[in-house]
Structures are given as structure tokens and as C-alpha cells.
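# Survey of secondary and tertiary structure
The residues making up each chain are set out below.
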Amino acid sequence: MTLEIIGITVLWTFLFGYILIGAIDFGAGFFNAYSRITAHEHTLTKIIQRYLSPVWEVTNVFLVFFFVGIIGFFPKTAFYYGTTLLVPVSIGIVLLAIRGSYYAFETYGARGHKGYSFMYGLAGILIPASLSIVLTISEGGFISMVDGNPVLDYWMLFTSPLTWAVVVLSIAATLYISATFLTWYANKARDPEATDLLRKYALVWSLPTAITAGGIIFELRRHNPAHYVNIQDFWPMFLISALMFIGTVWLLWKRQKYGWAFILLIGQFIFAFYGYGASHYPYLLYPYLTIYDSFTNPAMAISLIVAFILGLGLLIPSIVLLMRLFLFDKDYVRGKGDYHA
Amino acid sequence: MTHFLMFYAPFIVLFGGIAAAFIIAPMDGAVYKQMENEKK
Amino acid sequence: MGNEEAVFYSRVLTELTLSFHIIYATIGVGVPLMIMIAQWVGIKKNDEHYILLARRWARGFIITVAVGVVTGTAIGLQLSLLWPNFMELAGNVIALPLFLETFAFFFEAIFLGIYLYTWDRFENQKKHLLLLIPVAVGASFSAVFITMVNAFMNAPRGFDISNGELININPLLAMFNPAMPTKVAHVVVTAYMTAAFVLAAIAAFRLLKGSNHVYHKKALYLTMKIGLVFAIAAAIVGDFSGKYLAEYQPEKLAAAEWHFETEENAPLIMYGVLDDGEVKYAIKIPFGLSFLAHSSFTAEVVGLDQFPEDEVPPLYIHYLFDLMVTIGVGMIALAGIYWIGMKRRWKIIHAKWFRWLIVLGGPLSIIAIEAGWWLAEVGRQPWVLRGLMRTEDAATTSGQVDLMLILFALLYLILGVGSVVILTRMFRKNPVEQEIEDRETEKGGDVL
């Protein structure tokens, strides 16, 4: 295993963490806002807020970790992606800022404020859409070199069916992941009404997730044939992913073992995400940038990996403590103790 | 000397400041005296 | 848009983001320590007021943290978006502290979540206080690591350049560069100082607005004392910074002090204006600059005459220096008088005008922080990486920076107004007198 592979695996794992935790978070914000409009407020708000409150800040760190890490391990990405992504990522930052701050404003300052809930619900659901554009751009074809500087072709980007397929997938998957998780959480909190409603949402969003995921692979065949061929080499991973998806939907349908349904969902996304990542190898940006020609020097790589291991030694126990106190604490989940400052 | 002032002294001042803050923080007798004065 | 424009707008946008972020970042670094001290005093003296103080500060703190986190994410990404060439080089040498900062921040975020949601959950209050330590440590270390990166921009170390290639890279040497100790210590102590004076301003304001509760008096006395300690610490470290500059970045010191000719027995110029290259209306402190630079009243101080004209920072940084130092010294005086006045029972410190000065001290401390950062950043020009990369060569070639500037200006306006509205609303709705009463009835009235 080379340093390059270790680096990209660590980063890809954190990106996966962000996508999973972020999806739960953004979807929850959206369902919260939606339930207020459709007067399901009493059913959902409590469950969602109990989950979100202690963890919202942690979500954001996964993203920061990813983009700081990628500059550290692959400094050349700063040049290619930094120059071209000014507009899409700036929009993403604005959405993240609105989402994060208005969430805090509503939760700690003006509980129940409809305008704030709506703002962060909407901003949250647009974040995956705006950030997923980066993945589309990485497929190549949208960036050309002019006078030695990379330039992004917006017209081409926004008229490409691939772009829109990825956007729809990101939104559908966000809502699907979030609804499945919250179904389990609501069930654990012994709130049958909320469980039923969230289970319905999960089933509703499962189909668009599956269809767009398939559609993207199909789209890649036209857009980036090399990547399409690579994907086929990893067919067992995508097959396992599909089977796990069916398993989740089956359990949800049968109203059984919501915990397992969510674990299968994590598995489904792990296999799909790593399968996609592995087939993207070795390119960070088709066809300009691979993980090898953009890699940092060995001294920096080793110090980053050492720092990472030491950091994990500190973080994992902390995260376990956080989960034990809130996610897996029966009294907390059922809303028996409110110890907020 | 300059080397010491540039590399070590800043941290001594920083930690000294934190320690001093903790030492003087609980000394709030003056507040109670102020309250007594105001009552008079 | 020509690249000159892209450079200009990139600078404006970075300055805007940093100027906005630093307000929340400073509060974010300083306030956890204040909460910790208050809660510790409360437990130690078994005084509910201090514990409530910690609790109310913590509530307000969440709002500022939220804005600090999102604007911090913004500046983190903007570094790559606006300065891609700089980040490509920086990524090779100074990525380690950036990476460590995310861990510090991670650590802080996790324990802040736990701390906020476990008030009264533990029988033993000390356990709850323990949870605050990682928050305060994480917050301060975030500042330490990020300031290391900034120090590196001032004194790049830990690599060699041969034929345009970076060789012999040593990430630790880059982290522990000569600018680091003074810069880190100055940033951290001024954050503590500013947080203390901002909280003091709030307490003084409540006292001015008619409350005469002992809660506010304790809060005011506590924060003014802490503010005084860290204001003095800031001045001492500031003096060390002068010595660092004289040795490693003499052009920055010379530009900030309007020291044009290399000479011995150099006086320190305070205030004044620059008229056609001539200093007017200034106060000259004899031998002051020699002492600041080299701890000796007669030492030679390098002047701007030693540098090519295109490597001299803009001379207006002198005004920023004056502003920062004046506020710093003024706050030492104000807090010092208050502290002695409390001990000696002087009447003036309870006068309305004196309390208004304390209220003013909060915003002034923040202005001093801003002035200090502008001085640090403008004083490094024309370099983004001193001696190695000029700012204009580091910027993006993208043509949409002006639009993004408008977008972010709007965002910061919304966030700034939003956070102020929410904070006032939070504390108006739940005044401390009410909360103390509620807690008494809750506990059967035997607490106070």
C-alpha cells in the first residue's frame, strides 16, 4: 500500500462520514421544516430536535477535515479545484453558513420560529446538491486549460444530464438516508406515530435514490467511457450494494428491525461509495490530475498520517462518549431528561 | 537573551497569565464590601 | 476581468471574511476559559451566582460559536478558492498545523455538545466542569494551530528551494518557525482579554440599565480582573513581538513605526500624520524604538532605507499600530483603576460615566483585535509568503471574484444582524433576576 493510497483512503472515508452524517442532519432539518408546513409538527419536531441538538457541530467538522486533508495530501488540487470551483463552492459555503447559524438561532435562541426553521431546512437540502457538483466536475470534460490556467465551462456543466442526475441523486439519497435513520431513532424513542410517518418518507425516497444511481452509471457510459469501463470491473461491489438496498426496503416495508435496516443502508452506501471511488482511481480530476502526480512530499505525508493516528486516538473515545450519552442513552432518546444549558 | 524573549518568554507569559487569572478569580471580597457600603 | 482585478477583489474578500470571522473566533477562543473560571469559582465557593454566570455565558456562547464555525469553514475554503497558488505551495510545507487544527476543532465540537446537554445531569458538579476542559483546550489550540500557519507566512521555514522545486521539507520546523511563539501567545492572550472585556461590558451595561443585583457586580469584578491580567500579558508579549520583528521582519517594524533611516538611539513615534514623506504632529518617545526592538536604549534599528521600494509595506499600518496600542494601554488603565478602586472603595468606579467607559471597552477591544490583524496582514505586503511569493502571484485567475464579494458581504450582514438579534432576544426574554428566582423556588429556596 503506497502513501498515496493511504492518503486517499483516509480522505474518502471522511468524505463518506460527512455524506452519511450530513445526510441525516440535512434531511432531518428538511423534514422538520416540512412537518411544520404540513402540520405534522407535533409528531416529528421533538424527535428530530432531540437527535440533532448535541451533534450538529460535529457534522461540519467532517467536511472541514476532508478539504483541509485534501490540500495537505494532494496540494495540487488547490490549483485545479481552487481556481475552477470558486462559484459552486462559494454557493455551498453560503448555504452551509445559513444552515449552521440559523439552526443554532432557532434551537437556542428562538425555539419554534417558523422562518428560521424554514431557512435552515431549505438551505440544508440544497447543500448536497451544490457540493455534489464537485463530483460531477471530477469526471472531466467541464474543465479546459486556457493559458495554463484551468477554466470551468458553466454552460456545458449546467446542460449536462450527468450534472442533474447527480443533483437529484444527492437530494433523494439525503432524504432516504435521513428518513431511514430517523425511523429507527423514533422507534427507539417509542414514538409510533413519528415512526410511521418517517417510515413512509423512507419508502417514498428509496425509489428515486435507486433510479438516479442507476441512471448515473448509464450517463457515465456516454460522458466518461474510461470510467464506465472501470466501474464494470467492480461489479460485485455494486451488486452487494443493490442487494443491501433491497434488504433495507424489505425490512422497512415489513416494519421489522429498523436498526438492521439502517445498518444495511450504511452497507449499501459503503459499497457503492467505495466502489465508485475505486473505479475513479487513479484520477482526482479526469484527465489532468491523478493521486500520484498531485501527491505531497513524503515528509509531509508521513507527518500527516502520524498526526491522523494520534488524532484518532483522541477522537474515537470522545465520539463513543458522545454516542453513549445521547444516541444510545435510553432516557435521553425518550426525552426523559432535559439537561440543556 | 533576545532568543529567550522570542521563543520561550511568550509562553511563560501566556501560562503565567492563565494561572494568575485562576488565582485572583475567587477573590471577590470587595464585591461584598461594596454591597455593605451601599446599604449604609 | 484582468488578473489585477481578481487580485484586488480576492484581497478585499479575504479581508472581509477574516475581519468578520475574527470577531467570532476571538470570542470563541476566549469565552470558554471565562466560563471555566466562573464555573470553577462557583463550585469552589459554592456560590450559585458564578455557576449561573457560567451557564448563561455558555448559552450565549453557542450562538457565537455557530457563526464562528460557519465563517471559519468559509475562510478555510476561501484560502483555496482565492489563493490557489499559495495553497498549493503551503499545502506542501505547512499543511500539518492546518490538519491538526481540524482535530482541535473536532475535539472542541464533541465536548461542547456534551457539555451543553449535561447541565445538572451529574450529581457531582466537578464532573461537568471536567467536560469543559476539552472545550477550552480545543478552542485555544485551534487558535494556536491556525496562528502557526500565519506565522509561517511571516517567517517561512522548514524547506529549501532548488531549481524551483521544494526540497528538504520539514513540517515540524515549518510549524515552529521564529514568528510562532510571539504571534501565538499574542493571539491567545488578546482573545482572553477581549472575551473578558466584552463580558465585562455586558455586566456594566446591565448595572447601568437599572439592575443592582449582586450577580452583575460579581460578574463585572471577575471579568475586569481577568481582563486586566490578560491585557498586561498582551502588552508584554507585544513587546517581545517587537523584538522578533526587529530581527526577522525589520521592514514591517520600520513601516509600522515610520522609521525611515537606520540609526542608533531610535525614538518611538506615536500618532502623527505623514505629510509628503514628513512626519508631523507626532509624539516622539526618545530611545523607545531601540528599546522595543533590542531591549537596549542605544541599539541600532534598521530603517526602511535598507529595503527596495517595492518591498516596503504600506505606511498607513502605523495608524493601525497606534490604534491597537492605544486601546490596549487604555484598557490596562481602565481595568487597573477599577481594580484598585474596588479594593480602596473609590466612588468614581461606580459612577455612570465610568461604567459607560467599561461598556465601551468591549467594542474597543474588538476594534483593537481588528487593527492588530490588519497591521499583521498589511504589514506583510507585498508578500503572501515573505520573501518567496508575492500576493499578486498567489491569487486566483477566476473572473467571478467581484460577484462572490457581493454574495459574501450579504451573507455576513445576515449573520451579523441575526446573531445580535438572537442574543439580545435570548437574554431579554430570560433576565437573570427571573432565573435566580426560578432556581430558588425549584430548589426549595435553601440555596441562596
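All values reported here derive from a predicted model rather than from experimental measurement. (Residues numbered from 1 in each chain as written. Chains lettered and ligands numbered in written order. Predicted model: local features only at pLDDT ≥ 70, side-chain atom pairs only at ≥ 80, totals over all residues. Heavy atoms only, no water.)

### Thoughts on the overall build of chain C
Counting secondary structure elements, chain C contains 15 helices and eight strands. The buried share among the 448 residues of chain C stands at 61%. Sequence separation of 24 or more characterises 77% of the internal contacts of chain C that already satisfy a separation of 6 or more. A total accessible area of about 17500 Å² is found for chain C, and carbon and sulfur atoms account for 62% of it. Taking the average location of the 34 positive side-chain charges in chain C and that of its 40 negative ones, the two points are 18 Å from each other. (Helix = DSSP H or I, 4+ residues; strand = E, 2+ residues; numbered from the N terminus. Buried < 20%, exposed > 50% of the residue type's maximum accessible area, 1.4 Å probe, protein only. Contact = heavy atoms within 4.5 Å. Areas by Shrake-Rupley, 256 points an atom, 1.4 Å probe, with all protein chains shown as cover. Lys, Arg positive; Asp, Glu negative; His and termini not counted. Charge placed at Lys NZ, Arg CZ, Asp CG, Glu CD.)

### Points about the overall build of chain A
Across its full length, chain A carries 14 helices and four strands. For 341 residues, the compact-globule formula gives about 20 Å, and the C-alpha radius of gyration of chain A, at 20 Å, lands near that figure. Taken over the C-alpha atoms alone, chain A extends approximately 60 × 40 × 40 Å along its principal axes. Classification of the 341 residues of chain A by burial places 59% in the buried group. For chain A, the share of sequence-separated contacts (at least 6 apart) that also reach a separation of at least 24 residues comes to 76%. Put simply, chain A shows about 13700 Å² of open surface, and 71% of that area lies on carbon and sulfur atoms. Averaged over its 20 positive side-chain charges, chain A has a centre that lies 13 Å from the centre of its 17 negative ones. (Rg over C-alpha atoms; globule rule 2.2 N^0.38 Å.)

### Quick word on the interface of chain C and chain B
If you look at the interface, chain C gives 41 residues, while chain B gives 27 residues. Buried area between chain C and chain B, both sides added, is near 3000 Å², and the carbon and sulfur share of it is 75%. In terms of surface lost to chain B, no three residues of chain C exceed Lys217, Phe240 and Arg345 of chain C, which account for 17% of the buried area on that side. At the boundary of chain C with chain B, the tally comes to one salt bridge. Between Lys45 of chain C and Asp28 of chain B there is a salt bridge, with the nearest N and O atoms lying 2.7 Å from each other. The interface formed by chain C and chain B contains seven residue pairs in polar contact (both at pLDDT 80 or more). Of all the elements in the fold, those that place two or more residues in the side of chain C that touches chain B are helix 1 (3–45), helix 7 (180–208) and helix 8 (214–248) of chain C. Partitioned by chemical class, the residues of the side of chain C that touches chain B number 27 nonpolar, four polar and ten charged. (Buried area = accessible area lost by both parts, 1.4 Å probe. Salt bridge = Lys/Arg side-chain N within 4 Å of Asp/Glu carboxyl O. Polar contact = N/O pair within 3.5 Å; in protein donor to acceptor, adjacent residues only side chain to side chain. Nonpolar A, V, L, I, M, F, W, Y, C, P; charged D, E, K, R; others polar.)

### Focus: the side chain of Ser10 of chain C
Residue position: Ser10 of chain C is located in helix 1. In contact with Ser10 of chain C, not counting residues within four places along its chain, are Leu82, Trp83, Ala395, Thr396 and Val401 of chain C.

### Thoughts on the domain arrangement of chain C
All names here are of chain C. Domain parsing of chain C yields domain 1 (1–179 + 395–448) and domain 2 (212–248 + 250–379). A separation of 24 Å is found between the C-alpha centroids of domain 1 and domain 2. With 25 residues of domain 1 at the interface, the matching set in domain 2 holds 20 residues. Summing both partners gives a buried area of about 2000 Å² for domain 1 against domain 2, and 69% of it is carried by carbon and sulfur. If you look at where domain 1 meets domain 2, you find one salt bridge. One salt bridge connects Asp47 with Lys218, and the closest N-O pair in it is separated by 2.7 Å. Taken together, the connections running from domain 1 to domain 2 amount to five residue pairs in polar contact (both at pLDDT 80 or more). Sorting the residues of the side of domain 1 that touches domain 2 by element identifies helix 1, helix 2 (48–82), helix 5 (125–154) and helix 15 (432–442) as the ones contributing at least two each. For the side of domain 1 that touches domain 2, the element with the highest residue contribution is helix 1, accounting for nine residues. (Domains from an automatic or database assignment.)

### Notes on the interface of chain A and chain C
Taken residue by residue, the interface counts 68 residues in chain A and 64 residues in chain C. When chain A packs against chain C, the two sides together hide about 6200 Å² of surface, and 77% of this comes from carbon and sulfur. Linking chain A to chain C there are four residue pairs in polar contact (both at pLDDT 80 or more). Only helix 3 (56–73), helix 4 (76–84), helix 5 (86–109) and helix 13 (298–327) of chain A provide two or more residues apiece to the side of chain A that touches chain C.

### A closer look at the arrangement of the chains
Ranking the two pairs of chains in contact by number of contacts places chains A and C first. If you take every C-alpha in chain A and every C-alpha in chain B, the smallest gap between them is 23 Å, and the two do not touch.

### Let's talk about the packing of aromatic side chains
Following the criterion strictly, the structure yields 54 aromatic pairs over all chains and no others. Look at Trp12 of chain A and Phe273 of chain A: their rings are 4.2 Å apart centre to centre, the planes differ by 15°, and that puts the pair in the stacked class. Linking Trp12 of chain A in helix 1 (residues 3–37) with Phe273 of chain A in helix 12 (residues 258–280), this pair joins segments that are 261 residues apart in sequence. Across the pair, exposure class does not vary: Trp12 of chain A and Phe273 of chain A are buried alike. Between Tyr281 of chain A and Tyr292 of chain A, the aromatic rings sit 6.1 Å apart at their centres with planes inclined by 85°, giving edge-to-face as the arrangement. With Tyr281 of chain A in the loop between helix 12 and strand 3 (283–285) and Tyr292 of chain A in the loop between strand 4 (289–290) and helix 13, this pair connects stretches of sequence that are eleven residues apart. Owing to a relative accessible area of 37%, Tyr281 of chain A belongs among the partly exposed residues under this scheme. Judged by relative accessible area, which is 34%, Tyr292 of chain A ranks as partly exposed. One aromatic cluster in this structure is built from Phe14, Phe62, Phe65, Phe73, Phe74, Phe295 and Phe308 of chain A together with Phe99, Phe103 and Phe106 of chain C. When the ring centre of Phe291 of chain C is taken as origin, the NZ or CZ atom of Lys243 of chain C, which lies over that ring, is 5.3 Å away. Taking NZ or CZ as reference, Arg390 of chain C lies 4.8 Å from the ring centre of Trp383 of chain C, over its face. (Phe/Tyr/Trp six-rings, centres within 6.5 Å; stacked < 30°, edge-to-face > 60°. Lys NZ or Arg CZ within 6 Å of the ring centre and 35° of its normal.)

### Looking at the packing of helix 2 of chain C against helix 4 (residues 95–116) of chain C
Residue and element names in this part refer to chain C. Following both chains from N to C, one finds helix 2 and helix 4 inclined at 150°, their axes separated by 12 Å at the closest point. Relative to helix 4, helix 2 is oriented roughly antiparallel. Crossing handedness for the pair helix 2 and helix 4: left-handed. Between helix 2, through Ala58, Phe61, Ile62, Val65 and Val69, and helix 4, the contact on the second element is made entirely by Phe105, Glu108, Leu112, Tyr115 and Leu116. (Axes fitted to C-alpha atoms, helices over the stretch in contact; angles between N-to-C directions. Parallel < 35°, antiparallel > 145°, perpendicular 65-115°, else oblique. Left-handed = near helix turned anticlockwise from the far one by under 90°.)

### Some points on a nonpolar patch on the surface
All names here are of chain C. A cluster of nonpolar side chains, Ile337, Trp339, Ile340, Trp346, Ile348, Trp353, Leu357 and Leu360, forms an exposed patch at the surface whose accessible area comes to about 720 Å². The set of elements that each furnish at least two residues to the nonpolar patch consists of helix 11 (317–344) and helix 12 (352–378). You can see Ile348 is positioned in the loop between helix 11 and helix 12. Relative accessible area serves as the criterion here: at 39%, Ile348 is assigned to the partly exposed category. (Patch = residues over 30% accessible without salt bridge, like charges linked within 9 Å, V, L, I, M, F, W, Y side chains within 5 Å.)

### Quick word on the environment of Leu77 of chain C
Here Leu77 of chain C lies in helix 2. Discounting chain neighbours no more than four positions away, the residues touching Leu77 of chain C are Phe67, Val89 and Ile93 of chain A.

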